[in-house]
Amino acid sequence: MDAYLARAEQVLAQGKRRKELRLPRPFKVSLAILTFLAFIAVFGPHLAPYGVNEMTDALLVPPSPGHWFGTDDIGRDIFTMVLYGARTSLLVGIVAALISMFIGTSLGAVAGYYGGKLDRFLNELINIFLMLPTFFLIIMVVAIFGSSMGKVTLVIGLTSWMGTAKIMNAQTKSLKERTFVKAGKVLGENDRAVLFRYIVPHGIFPVLANVSQSISSAILFEASLSFLGLGDPNVMSWGQIIYLGKAYMGRGWWVAAFGGLAIVITMFAFHLLAEGLNQILQPQAGGR
């Protein structure tokens, strides 16, 4: 009898572990979409039926079997432009998000660990940045220093670290009181080792969920700058496609529509990824 009960408890425990390891639906959907987008970003230029600036005789032709997404006013294939733009837009979003994550994580962790005046200074600095209209600040910097894709990416990363810093700051204040952190200090670990060996690795998970939101925001920022004519005209991106198509919305809606649809799908995927990560990290609040 005891053997049967032990076996039943083992089966229930295995079922519970499988249930706990089940990934949330938003995470799985986002993973599928982002895998497809990553494939397009890597192999898109090789799959494109035309060159990105190759001009054909079909001028402003609507979607057709020969041009799936139509053509623009000088005969360039929109499907090809969307494929090429995927690499640029995703690269801008990921690099800008990594820059903001590095800055925000470093500042938030150091200020939260040492506290006092340094922590108050960081909070005031965050409040100042939050009061500034970030998008107009980016426009000013790009207008002054140029609109190359590298500068646009850097500016977006340097002006979007505040949310990450607040999250990491709160995580650090909580973690530095934990037993394992105090044990590290007792064992003779210096502040740098305690901070980056014990605190940051354990507090980085909520930051990762925020980074997925930062990627979608960076892609939208780049698209907005391109729409206003402040993007890099020498690099094809989804925002640049929208900019090229805005003059033909009345008689060539497809020029801007497919670039905009790509941005919407990408932002939707990253928002689902953030929701999925939050459900994994906080399963009691996930609801699914």
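Report on the accompanying structure. Computed from a predicted structure; not experimentally measured. (Residues numbered from 1 in each chain as written. Predicted model: local features only at pLDDT ≥ 70, side-chain atom pairs only at ≥ 80, totals over all residues. Heavy atoms only, no water.)

### Thoughts on unusual backbone geometry
For L60, which is not glycine, the phi torsion reads 50° and is therefore positive. Considering the arrangement of structural elements, one finds L60 in the loop between α2 (25-47) and α3 (78-114). Residue L60 is classed as buried on the basis of its relative accessible area, which comes to 16%. (Helix = DSSP H or I, 4+ residues; strand = E, 2+ residues; numbered from the N terminus. Buried < 20%, exposed > 50% of the residue type's maximum accessible area, 1.4 Å probe, protein only.)

### Quick word on the environment of T80
One can find T80 in helix α3. For T80 and A48, which are 32 residues apart along the polypeptide, the C-alpha to C-alpha distance reads 5.1 Å. Setting aside anything within four residues of it in sequence, one finds T80 in contact with A48, P49, Y50, G51 and V52. (Contact = heavy atoms within 4.5 Å.)

### Quick notes on the pattern of salt bridges
All told, the structure shown has 4 salt bridges when counted by the stated rule. Between R76 and D72 there is a salt bridge, with the nearest N and O atoms lying 2.8 Å from each other. R76 gets classed as buried once you look at its relative accessible area, which sits at 11%. Residue classification places D72 among the buried residues on the basis of a relative accessible area of 2%. (Salt bridge = Lys/Arg side-chain N within 4 Å of Asp/Glu carboxyl O.)

### Overview of helix α10 (residues 205-227)
Here α10 contains 23 residues, and its C-alpha end-to-end distance of 34 Å stays within 8% of the 33 Å for a straight helix at 1.5 Å per residue. One or two steps after α10, the chain reaches G229, where phi turns positive at roughly 85°. (Expected span 1.5 Å × (residues − 1).)

### As for the environment of P233
When you line up the elements, P233 lands in the loop between α10 and α11 (238-245). Judged by relative accessible area, which is 59%, P233 ranks as exposed. Separated by 83 residues in sequence, P233 and G150 have C-alpha atoms that sit 13 Å apart. Excluding residues within four positions of it along the chain, P233 makes contact with S147 and Q240.

### Some points on the packing of helix α8 (residues 179-186) against helix α9 (residues 191-203)
The geometry of α8 relative to α9 is characterised by a closest axis approach of 10 Å and an angle of 170° between their N-to-C directions. Classed by the angle they form, the pair α8 and α9 counts as roughly antiparallel. From α8, F180, V181, G184 and K185 reach across to α9, where they touch V194, Y198, I199 and H202. Here the contact of α8 with α9 is composed, by residue class, of 5 nonpolar, 2 polar and 1 charged. (Axes fitted to C-alpha atoms, helices over the stretch in contact; angles between N-to-C directions. Parallel < 35°, antiparallel > 145°, perpendicular 65-115°, else oblique. Nonpolar A, V, L, I, M, F, W, Y, C, P; charged D, E, K, R; others polar.)

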